[in-house]
Structures are given as C-alpha cells and as structure tokens.
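# Results of the structural survey
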Amino acid sequence: MSALSAAVPYRLAGRRAEVTGPLDLSGAGRETAEAVRFLRECQSQGLRVTWRAVGGPSYDIGLLSHLPPPDELPGAEAELAVWRAGYAYGSLYHRRGPGFVTVLDRRAGRGTAVRFTLDHPELLAAFLRLQEPTPVDAVGREAVGLLVAERLVLAAGGWAVALPPRIRRWPVPCTAI
C-alpha cells in the first residue's frame, strides 16, 4: 500500500482511515489540494474514510462527488445532502497505459459516462504531475485549463490537483466496469 499524505492527520484501522481533524474544502490554498489528494488516494486504495469538512467551497462542490462525503459540512447542508445521495464508488477513475491515461467519468451532471484518453505529451505530463498538489504556475496553463474544463482537475487558491483516483481495488469484476 502506498503512503497517504503526511499533510493530513489520520489513523488507520484495518481498511478504514479516520481523519483526526477537519479538512479544509474552502479552496483558499494548498490545504484543500492536500485534502482532495488524501481522499482520492484513500479511494484508490479501497479505504473507507471518516472525516469532517470546514470552509465554504469557492468552487463547484460537485467536482468532489466521486469522493466519500464528509460526516459534516457546516453551512452547506443542502450540498452535503446532494453529495451523499449522488456518491458512488468508481464514478470517476483513471487507468494508466504506456504513454497514455484513460479516464472514465460517470459523475452526476454528465448525463452519460464519458471516457477520455490523455495521450498528448503536455496534457499527459500535466495530469501525472497533478497527482501531487502543485502550484498552478508550475504546470502548463493550457494543459491545466483543458483538464479543469473537463472537470478532471481542481484548481483553486493557486493550487491544482488531479481528481480521478487510480482504482486499485475493484468492487466487481473488472470486465463489468
């Protein structure tokens, strides 16, 4: 199992991660990007996560609908109810191949499932770099803009992070996904 973010305080108990402090979802800086990375990696490893959120998001909270919802999101109870109702494991994920990444997006709001193949060298490099929270200025602006437009990257507060987890634990046979 690869390591989870050291920027987020948590405890592991079997296949469950319990975040010991609230995660900042405001989008005001690196803390939000680190929180999203942590949740994405927990999902990638098939861990159930218990967590609380703080900060009113400055972005469309629907971007995070593929991640497990928090126990509480103060000031945004309606958005939290929509998040809980629409959450489904595996609604957004990526798979890697030699020189390309395939992303499947089944999140609500798309209407139908959308499959992307990222094989353009600059776009692929940006996506792979954004597996770690990165200052927006450190990545090609055009590539980040395209990934943000397709709702595959969260860019807020000067930081960006890729949203699709790399699924390592399939809930059903992989041929059914």
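For clarity, every value in this text was computed on a predicted model and none was experimentally measured. (Residues numbered from 1 in each chain as written. Predicted model: local features only at pLDDT ≥ 70, side-chain atom pairs only at ≥ 80, totals over all residues. Heavy atoms only, no water.)

### Some words on the sheet that holds strand S9 (residues 134-135)
Adjacent strands of a sheet pair through backbone hydrogen bonds, lying either parallel or antiparallel. A sheet is described by the order of its strands in space; here three strands give the open sequence S9-S11-S10, paired in antiparallel fashion. The open sheet is flanked by S9 and strand S10 (153-156), the only strands paired with a single partner. Inspection of the sheet shows S10 paired to strand S11 (residues 159-162) by four bridges, in the antiparallel sense. Looking across to S11, one finds that Val-153 is bridged to Ala-162. (Pairing = 2+ DSSP bridges. Helix = DSSP H or I, 4+ residues; strand = E, 2+ residues; numbered from the N terminus.)

### Some thoughts on the environment of Tyr-59
With respect to the secondary-structure elements, Tyr-59 resides in the loop between strand S5 (53-54) and helix H2 (77-86). Residue class for Tyr-59 comes out buried when judged on its relative accessible area of 13%. Between the alpha carbons of Tyr-59 and Leu-73 there is a distance of 14 Å; along the sequence they are 14 residues apart. If near-sequence neighbours (up to four positions away) are discounted, Tyr-59 is found in contact with Leu-25, Ser-26, Gly-27, Thr-32, Leu-64, Leu-154 and Ala-156. Within polar-contact distance, the side chain of Tyr-59 engages the backbone oxygen of Leu-25 at 2.8 Å. (Buried < 20%, exposed > 50% of the residue type's maximum accessible area, 1.4 Å probe, protein only. Contact = heavy atoms within 4.5 Å. Polar contact = N/O pair within 3.5 Å; in protein donor to acceptor, adjacent residues only side chain to side chain.)

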